[in-house]
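# Secondary and tertiary structure notes
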Amino acid sequence: EQLPEDACVIVAQRWAGYYSRLNQEMFTQLESFVREIKARGKNVLITTDVANYAYSPSAIAARLKLWTPRHMNPQWNTFSLSERDYTQSQGMINAGLLAVCEKTRSTLVPIHLSLKNDDCYIAFACQGEKCVPLYRDEDHLTRSGSLLVAQFLLQYLNVICKETPM
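Everything numeric here is computed off the predicted structure, so don't read it as measured data. (Residues numbered from 1 in each chain as written. Predicted model: local features only at pLDDT ≥ 70, side-chain atom pairs only at ≥ 80, totals over all residues. Heavy atoms only, no water.)

Quick look at the pairing of strand β7 (residues 124–127) now. Where β7 lies against strand β8 (residues 130–133), 4 bridges are found, and the strand directions are antiparallel. Note on β8: the bridge partner recorded for F124 is P133. In this antiparallel pair of consecutive strands, β7 and β8, the connection spans 2 residues, and G128 shows a positive phi of 75°. (Pairing = 2+ DSSP bridges. Helix = DSSP H or I, 4+ residues; strand = E, 2+ residues; numbered from the N terminus.)

Take a look at the structure:
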């Protein structure tokens, strides 16, 4: 029940899984939870969702190495999600998360940006001639993907969690 004195609470969830069923109720419950944590004198960071795919990029890439499918989905060639498609699927959720942060004086951490390259979200990271998968399925990251997100999150932790809680 008691949090360490220097605790900074990170609230991370696959928000898209809740949003379709709960809509505004999800944000109301989140705001209540954040207010409780803030009342204990802690800083709160709320993360956005990483990009989610309608298919497993890693599985498709492996299959493409074995054989050419009869019907090729255009997205299979790029293994990325456009900024427009991400915004279409996550825009309302991210706006709701931002509103909760503004009401509770918390910080929104846009972790989806850690996997963004130019105007799209990547499913593979090229390291020299080798491409490393960032997703193990449609919406779960590999260790490599998790490391990219963690490095991005550390920037916020180093700044926000050292501040005096509001």
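Packing of helix α2 (residues 24–39) against helix α5 (residues 83–104) brings their axes to within 10 Å, and their N-to-C directions diverge by 30°. Relative to α5, α2 is oriented so that their crossing is right-handed. Contact with α2, carried on its side by F27, L30, E31, V34, R35 and K38, involves M92, I93, G96, L97, V100, K103 and T104 of α5 and no other residues of that element. Taken together, the residues of the contact of α2 with α5 sort by class into 7 nonpolar, 2 polar and 4 charged. (Axes fitted to C-alpha atoms, helices over the stretch in contact; angles between N-to-C directions. Left-handed = near helix turned anticlockwise from the far one by under 90°. Contact = heavy atoms within 4.5 Å. Nonpolar A, V, L, I, M, F, W, Y, C, P; charged D, E, K, R; others polar.)

So, on to the confidence of the model for the protein. Considering every residue of the protein, the mean pLDDT works out to 77; 73% of them sit at 70 or more. For the protein, helix α4 (residues 74–78) is the element with the lowest average pLDDT, namely 48, and strand β4 (residues 107–109) is the one with the highest, namely 94. (pLDDT = per-residue confidence, 0-100.)

Okay, the packing of aromatic side chains next. Tallying each qualifying case throughout the model produces 1 aromatic pair. When the centroid spacing of 5.7 Å and the interplanar angle of 45° are considered together, the rings of F152 and Y156 count as tilted. Taken together, the residues span about one helical turn, with F152 and Y156 both in helix α6 (residues 143–160) at a distance of 4 residues. You can call F152 buried: its relative accessible area is 15%. (Phe/Tyr/Trp six-rings, centres within 6.5 Å; stacked < 30°, edge-to-face > 60°. Buried < 20%, exposed > 50% of the residue type's maximum accessible area, 1.4 Å probe, protein only.)

When the charged atoms of two side chains lie near each other, side chains of opposite charge can form a pair. Counting across every chain of the model gives 3 salt bridges. Across the pair R35 and E31 runs a salt bridge whose closest N-O atoms are separated by 2.8 Å. With a gap of 4 residues between them, R35 and E31 both fall in helix α2, about one helical turn apart. Of the residues examined, R35 reaches a relative accessible area of 41% and is grouped as partly exposed. Between K103 and E31 there is a salt bridge; the shortest N-O distance is 3.7 Å. Here K103 is found in helix α5, whereas its partner E31 is found in helix α2, with 72 residues between them in sequence. Taking relative accessible area as the criterion, K103 reaches 51% and is therefore assigned exposed. Where salt bridges share partners, they join E31, R35 and K103 into one cluster. (Salt bridge = Lys/Arg side-chain N within 4 Å of Asp/Glu carboxyl O.)

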